[in-house]
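Now for the letters of each chain:
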Amino acid sequence: MRPSNVVRSDMPGPKTFSPWWGDTSMARQRGVITYSVSPFRQRGSKDLIRNWVFNGYRRLAGQVPYWILPFAIGYGTYTWAKKRDAWQNSKAGHIALHGDGHGH
């Protein structure tokens with residue numbers, strides 16, 4: 001069985017409008033406009049840290065009302081539970097909860 005032309009060749013055929021990836025030898029096409037920016041004008045990391053600090057602070061400060069109340073409730077519950085557990089496991093807690101232990 002003979003493979004088809006498409007399987008045999010990995011180059012695009014004559015009716016495709018885009019050249020092979022990376023091939024720049026094809027003639028200019030009409031209606032295709034390409035824009036580019038000079039590499040000297042591209043400064044992707046200019047003031048990156050400074051802008052992140054101020055913009056990050058602004059964004060985090062805007063979210064404080066949404067997470068400070070649940071955090072405070074959770075932290076308050078945690079500290080209350082730790083103190084209650086320590087008291088229940090202490091001698092005073094055992095006597096208060098179960099009596100002196102001699103009345104059985």
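Residues numbered from 1 in each chain as written. Predicted model: local features only at pLDDT ≥ 70, side-chain atom pairs only at ≥ 80, totals over all residues. Heavy atoms only, no water.

For the rest of this paragraph, the subject is the overall build of the protein chain. When you go through the protein chain residue by residue, the secondary structure sums to three helices and zero strands. Along its sequence from the N terminus, the protein chain presents helices and strands in the succession α-α-α. Taking all 104 residues of the protein chain together, the buried fraction comes to 2%. About 10,800 Å² of surface is accessible on the protein chain, with carbon and sulfur atoms providing 62% of the total. (Helix = DSSP H or I, 4+ residues; strand = E, 2+ residues; numbered from the N terminus. Buried < 20%, exposed > 50% of the residue type's maximum accessible area, 1.4 Å probe, protein only. Areas by Shrake-Rupley, 256 points an atom, 1.4 Å probe, with all protein chains shown as cover.)

With that settled, consider a nonpolar patch on the surface. Among the surface-exposed residues, Val64, Trp67, Ile68, Leu69, Phe71, Ile73, Tyr75 and Tyr78 lie close enough to one another that they form a single nonpolar patch of about 860 Å² accessible area. Along the chain, Ile68 turns up in helix H2 (residues 48-88). (Patch = residues over 30% accessible without salt bridge, like charges linked within 9 Å, V, L, I, M, F, W, Y side chains within 5 Å. Salt bridge = Lys/Arg side-chain N within 4 Å of Asp/Glu carboxyl O.)

As a further point, take the packing of aromatic side chains. The full count for this structure, using the stated rule, is one aromatic pair. Pairing Phe71 with Tyr75 gives two aromatic rings, centres 6.3 Å apart and planes at 10 degrees, and the pair type is stacked. Taken as a pair, Phe71 and Tyr75 lie in helix H2 at a separation of four residues, close to a single helical turn. (Phe/Tyr/Trp six-rings, centres within 6.5 Å; stacked < 30°, edge-to-face > 60°.)

A separate point is the pattern of salt bridges. As enumerated under the stated definition, the model contains one salt bridge in all. Here Asp47 and Arg50 are joined by a salt bridge, their closest N and O atoms 3.6 Å apart. For Asp47, a relative accessible area of 35% corresponds to the partly exposed category.

Looking now at the confidence of the model for the protein chain. Close reading of the predicted structure is inappropriate where its pLDDT is low. Put simply, the protein chain has an average pLDDT of 79, and 68% of its residues get 70 or more. Taken element by element, the protein chain is modelled with least confidence in helix H1 (residues 5-8), mean pLDDT 53, and with most confidence in H2, mean pLDDT 92. (pLDDT = per-residue confidence, 0-100.)

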